[in-house]
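Close look at the chain arrangement
Spelled out, the chains give:
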Amino acid sequence: MRDNLDLAASAQELADAAPTGSIDRAAASSVAITLATTRDITQARETLDGLSPEEVREAALQLFDRLSAGS
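Overview of the structure. Computed from a predicted model, the values in this text were never measured in an experiment.

The rules behind each value
Residues numbered from 1 in each chain as written. Predicted model: local features only at pLDDT ≥ 70, side-chain atom pairs only at ≥ 80, totals over all residues. Heavy atoms only, no water. Salt bridge = Lys/Arg side-chain N within 4 Å of Asp/Glu carboxyl O. Buried < 20%, exposed > 50% of the residue type's maximum accessible area, 1.4 Å probe, protein only. Helix = DSSP H or I, 4+ residues; strand = E, 2+ residues; numbered from the N terminus. Core = buried A, V, L, I, M, F, W, Y, C linked by side-chain atoms within 4.5 Å. Contact = heavy atoms within 4.5 Å. Expected span 1.5 Å × (residues − 1).

Comments concerning the pattern of salt bridges
Per the stated rule, a full pass over the model turns up two salt bridges. Its salt-bridge partner being Asp49, residue Arg45 comes within 2.5 Å of it at the nearest N-O pair. For Arg45, a relative accessible area of 28% gives the class partly exposed. Across the pair Arg45 and Asp65 runs a salt bridge whose closest N-O atoms are separated by 3.6 Å. Of this pair, Arg45 sits in helix α3 (residues 41-48) while Asp65 sits in helix α4 (residues 54-69), and the two are 20 residues apart along the sequence. Residues joined by salt bridges that share partners form a network here, namely Arg45, Asp49 and Asp65.

Encoded structure:
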C-alpha cells in the first residue's frame, strides 16, 4: 500500500506535466499538497472536499480517486 507521500509524489509528477494555468495542473498540485500535509487518505479526502473553485475541486477529487484506488 502506498502512503500519502508516495501518492503526493505521483500527483506532483502529473502537476509538473500539465500545462501551466490549466485546471489539471491546479487540481494535481492541490492533490499533491493535500496528500503531503495530511495524516492519511481519509483526512486528505475530507480536505479536498473543501477545495474551491468547484471545477478544480471536481478535477482534484477525480484525480485523488484514481491515485488512491491504485494504492
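A look at the nonpolar core
Judged by nonpolar contacts, the single largest core of 19 residues is most densely connected at Val31, Leu35, Leu48, Ala60, Phe64 and Leu67. Those elements that place two or more of their residues in this core are α1 (4-17), α2 (23-37), α3 and α4. By residue number, the principal contributor to this core is α4, which donates seven residues. Setting aside residues no more than four positions away along its own chain, Val31 makes contact with Ala11, Leu48, Ala60, Leu63, Phe64 and Leu67.

Points about unusual backbone geometry
Among all residues save glycine, negative phi is the norm, and among peptide bonds the norm is trans. At the junction of Ser52 and Pro53, the peptide bond is cis and its omega measures out at 5° in the coordinates. The topology assignment puts Pro53 in the loop between α3 and α4.

A short note on α4
The end-to-end C-alpha distance of α4, which contains 16 residues, comes to 22 Å, matching closely the 22 Å that a straight helix rising 1.5 Å per residue would cover. Of all the positions in α4, only Val56, Ala59, Ala60, Leu61, Leu63, Phe64, Leu67 and Ser68 are classed as buried. For α4, the elements touching its buried residues are α1, α2 and α3.

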